Structure formats: C-alpha cells, structure tokens
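Listed below, chain by chain, are the residues.
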Amino acid sequence: MKTSLSELELQEMETRAAAAQPGPWKSWVEGRDFDGGSNFIQIGSGAERGEDIEMSGATVPDQDFIAAARQDVPRLIAEVRRLRALRIK
C-alpha cells in the first residue's frame, strides 16, 4: 500500500469532504446513547441541523468512524499541508 499522498489525492479528499453535509456529525447508537429508535448519524446542530443519516447494517465502530470522519478528514488534510509547508522552508 502506498503511504505518501500526492497533492492531487489531498485535493480529491478535500473535494469529497467539502461536498458532504456540514458538520459536526455525531453518532447515536440505540442502547448506548439513548433508548428506543434506531442508530443514526446526526448531521449538524441547532439551526444548521440537516437530515439525519439512518444506519442499517453498520457495526457501531463503523458508524462511529463514519461520523467522526466528517470532522477528522478536513483536520488531517490541514495538518498534512501544515507539515509540508514546514518541510519546504
């Protein structure tokens, strides 16, 4: 597996993240976070709240990962770019 990321790959990731509904995304799991209903990912909050993503068939760790990725991916891209900028100087 290739470990280094090209600028094109970072741009593609950034484009996908920007196209997704705005965050924060939060994973809600029946029995862990609330009683009754089904597992879902909450999209945004307050006035910026979007339509929830209902989860079917995902494991709890997978659902938590998907929800966290909305916040994690943009931060990781920014960190890669920050570190590359330091390396260039």
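The structure this text deals with has already been given above.
Residues numbered from 1 in each chain as written. Predicted model: local features only at pLDDT ≥ 70, side-chain atom pairs only at ≥ 80, totals over all residues. Heavy atoms only, no water.

Some details on the sheet that holds strand β3 (residues 53-54)
Adjacent strands of a sheet pair through backbone hydrogen bonds, lying either parallel or antiparallel. Selection rule: Pairs of strands are assigned from DSSP output, requiring at least two bridges between the strands. Only runs of H or I of at least four residues qualify as helices and only runs of E of at least two qualify as strands under DSSP, and these elements are numbered from the N terminus. Two residues form a contact once any of their heavy atoms are found within 4.5 Å. A fitted line through C-alpha atoms serves as each axis, taken over the contacting stretch for helices, and the angle formed by two N-to-C directions is quoted from 0 to 180°.
Taken together, three strands build an open sheet; the order of strands is β1-β2-β3 and the sheet is antiparallel. Both outer strands of the open sheet, β1 (25-28) and β3, are each paired with one neighbouring strand and no more. Contacting β1 and β2 (40-43), helix α2 (residues 60-88) runs over the sheet at an angle of about 165° to β1.

Considering the nonpolar core
Our working definition: In this text, buried Ala, Val, Leu, Ile, Met, Phe, Trp, Tyr and Cys residues form a nonpolar core when linked through side-chain atoms within 4.5 Å. Three labels apply to residues, based on accessible area from a 1.4 Å probe with only protein chains included: buried if under 20% of the type maximum, exposed if over 50%, partly exposed otherwise in between.
With five residues, the main nonpolar core is built from Trp25, Ile41, Ile43, Met55 and Ala67. For Ile41, the contacting residues outside a window of four places in its chain are Trp25, Lys26, Asp52, Ile53, Met55, Gln63, Ile66 and Ala67.

Some words on the pattern of salt bridges
To be explicit about the condition: When a carboxyl oxygen of Asp or Glu lies within 4 Å of a side-chain nitrogen of Lys or Arg, that pair is called a salt bridge.
Counted according to the given criterion, the structure contains six salt bridges. The residue Arg32 makes a salt bridge to Asp33 at a minimum N-O spacing of 3.0 Å. With a shortest N-O distance of 2.7 Å, Asp64 and Arg32 are connected by a salt bridge. Residue Asp64 is found in helix α2, and its partner Arg32 is found in the loop between β1 and β2; the two are separated by 32 residues along the sequence. Residue classification places Arg32 among the partly exposed positions, given a relative accessible area of 44%.

A closer look at unusual backbone geometry
Cis geometry is adopted by the peptide bond preceding Pro24, which originates at Gly23 and carries an omega value of 0°. Its place among the elements puts Pro24 in the loop between α1 (7-19) and β1.

Overview of the packing of aromatic side chains
Both the distance between ring centres and the angle between the ring planes are used here to describe each pair of aromatic rings. What counts, and what does not: To pair, rings of Phe, Tyr and Trp, with the six-membered ring standing in for Trp, must have centres within 6.5 Å; the planes then decide the type, stacked if under 30 degrees apart, edge-to-face if over 60, and tilted in the middle. The rule for a charge over a ring is simple: NZ of Lys or CZ of Arg within 6 Å of the ring centre, and within 35 degrees of the ring normal.
For the structure on display, the rule yields three aromatic pairs. Each ring, one from Trp28 and one from Phe40, has its centre 6.2 Å from the other, and the planes form 15°; the classification is stacked. A residue pair is termed long-range when its members are at least 10 positions apart, and Trp28 in strand β1 and Phe40 in strand β2 qualify at 12 residues. With relative accessibility at 15%, the residue Phe40 sits in the buried group. Here a set of aromatic residues connected by ring pairs shows up, and it is made of Trp28, Phe34 and Phe40. Cation over ring: Lys26 sits above Trp28, and NZ or CZ is 4.3 Å from the ring centre.

Some words on the environment of Asn39
Formally: Any pair of N or O atoms that falls within 3.5 Å is considered a polar contact. Within protein, one atom must be able to donate a hydrogen and the other to accept it, and sequence-neighbouring residues count only if both atoms are side-chain atoms.
With respect to the helices, strands and loops of the structure, Asn39 is situated in the loop between β1 and β2. Its relative accessible area of 19% is what places Asn39 among the buried residues. A C-alpha to C-alpha distance of 8.6 Å links Asn39 and Gln63, two positions 24 residues apart in sequence. What Asn39 contacts, discounting residues up to four positions off in sequence, is Trp28, Val29, Glu30, Glu54, Met55 and Gln63. In this structure the side chain of Asn39 is engaged in a polar contact, spanning 2.8 Å, whose partner is the backbone nitrogen of Glu30.

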